[in-house]
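# Structural overview for review
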Amino acid sequence: MYNFVSLGGIFVILCVAYALSCNRRNMNWRLVAWGVGLQMLFALIIFRVPVGATILLKAGDLVTAMLAPAQKGAQFLFGPLASPDSMGFIIAFQVLPTIIFFSALVSILYYFGIMQIVIRGFARVFSRLMRISGAESLCAASNIFEAVINGANSGLRLIGGIIALLVAVLGLVGLIDLLLGAVGVRINNLCGISMDWSLTGLLSLIFYPFSLVAGVHPTDAAAVAHVIAQRTVETEFVAYMSLGRMLADGTIIHPRSAIIASYALCGFAHFASVGIFVGGVSALVPERIRDISRLGLRALVAATLACLMTACMAGAFLPDNPLLFSGQ
């Protein structure tokens, strides 16, 4: 039964996206249909075809293996700070060096013409199936690989923008939490209630109905809504750790809820990502920083809806024993 709830949730997310659109008259319904159809096809292959899940796991292992050498350079420069095993997770020393490595790798692939071939291939698929313009399809295809980067120096400039915006955005989030907490304490005392007035607490209320329409069991909906809100405020790393603790202490009871939550968290829909988006892209095209900044919040909403759509897709096609979650 809950699979049908998740299936209905797909259309609920689409309706929300339509309601939030600033240009409904020019909606490309062919693009929407193809996008949803392809996502359903991928979900069907991953969850219902064993070989599909195996291929995806192998592809993930390949990407991990390709990015692993970045840690060697980071550990040479930063020592134990670059090792999560010895020092815990430190984004500055364990994630940002990967950006420099990836920038250099992409630059090499461009030099040999490999990336151009891959991007043109994706662009043709997008253009023919979804009937979007050549410029749109090229942009979408190149964004798969979030910018066109020319070497490690550009990667270093990219990191500078990312660091500056992360400090600014997360600092502002902390300030908002402080102000909300001060006001919330007085409201709780006056009304005799106990409510979490942090950004995470308030966003949990918004995500609660979305957790239900995604097919999460009602018993677990509040907990799942909390980790999704936590992802939005504190990044997916913190949210996944919270999800793990909830599974360990029995806060989330049903395996289905845990699986849907794990897919809902799989994305960069958080305030820090807005900082990365604005800071990173602005470092590459500083003359467009004003336009890019205006798109930041709308991009966050769109990314959040995309993650929720993925969760609905997972719930709609979820079998009793999904291979990707069991790790078999």
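Everything that follows concerns the structure shown earlier in this document.
Residues numbered from 1 in each chain as written. Predicted model: local features only at pLDDT ≥ 70, side-chain atom pairs only at ≥ 80, totals over all residues. Heavy atoms only, no water.

## Remarks on the packing of helix α1 (residues 2-20) against helix α15 (residues 289-317)
A pair of packed helices is captured by two measures, namely the crossing angle of their axes and the spacing between those axes. The condition that has to hold: Fitted lines through C-alpha atoms give the axes, limited to the stretch in contact for helices. The angle between two N-to-C directions lies from 0 to 180 degrees. To qualify as a helix, a DSSP run of H or I must reach at least 4 residues; to qualify as a strand, a run of E must reach at least 2; elements of each kind are numbered from the N terminus. When an angle is under 35 degrees it counts as roughly parallel; over 145 it counts as roughly antiparallel; between 65 and 115 it counts as roughly perpendicular; any other value is oblique. Crossing handedness: left-handed means the near helix sits turned counterclockwise from the far one by under a right angle, and right-handed means the same turn made clockwise. Here, two residues are considered to be in contact whenever any of their heavy atoms come within 4.5 Å of each other. Any residue that is not Ala, Val, Leu, Ile, Met, Phe, Trp, Tyr, Cys, Pro, Asp, Glu, Lys or Arg is counted as polar, Gly included; the first ten are nonpolar and the last four charged.
Between α1 and α15, the shortest axis-to-axis distance is 7 Å and the interhelical angle comes to 160°. Between α1 and α15, the interaxial angle falls into the category roughly antiparallel. For the pair α1 and α15, the crossing hand works out as left-handed. Facing Asn3, Ser6, Leu7, Gly9, Ile10, Ile13, Leu14, Val16, Ala17 and Leu20 of α1, the residues of α15 in contact are Arg298, Val301, Leu305, Leu308, Met309, Cys312, Met313, Gly315, Ala316 and Phe317. Its residues placed into classes, the contact of α1 with α15 shows 15 nonpolar, four polar and one charged.

## Structural notes on the side chain of Asn188
Examined against the element boundaries, Asn188 turns out to sit in helix α10 (residues 151-191). With residues near it in sequence (within four places) discarded, Asn188 still touches Ile193, Ser194, Met195 and Trp197.

## Side note on the packing of aromatic side chains
The cut-off we apply is this: In this scheme Phe, Tyr and Trp rings, the latter by its six-membered ring, pair at centre separations within 6.5 Å, and the angle between planes marks the pair as stacked below 30 degrees, edge-to-face above 60, and tilted otherwise. Lysine NZ or arginine CZ positioned within 6 Å of the ring centre and within 35 degrees of the ring normal marks a charge as sitting over the ring.
Under the defined criterion, the tally for this structure stands at two aromatic pairs. A cation over an aromatic ring shows up here: Arg24 above the ring of Tyr18, its NZ or CZ 5.7 Å from the ring centre.

## Points about the nonpolar core
Short version of the rule: Put simply, a nonpolar core is a bunch of buried Ala, Val, Leu, Ile, Met, Phe, Trp, Tyr and Cys residues held in one set by side-chain atoms that sit within 4.5 Å of each other. Three labels apply to residues, based on accessible area from a 1.4 Å probe with only protein chains included: buried if under 20% of the type maximum, exposed if over 50%, partly exposed otherwise in between.
Membership of the largest hydrophobic core comes to 49 residues, with the highest contact counts inside it found for Ile13, Phe47, Phe207, Ile228, Ile252 and Phe271. Elements that contribute at least two residues to this core include exactly α1, α2 (29-48), α10, α11 (199-213), α12 (221-249), α13 (255-264), α14 (271-284) and α15. At 12 residues, the largest contribution of residues to this core is made by α15.

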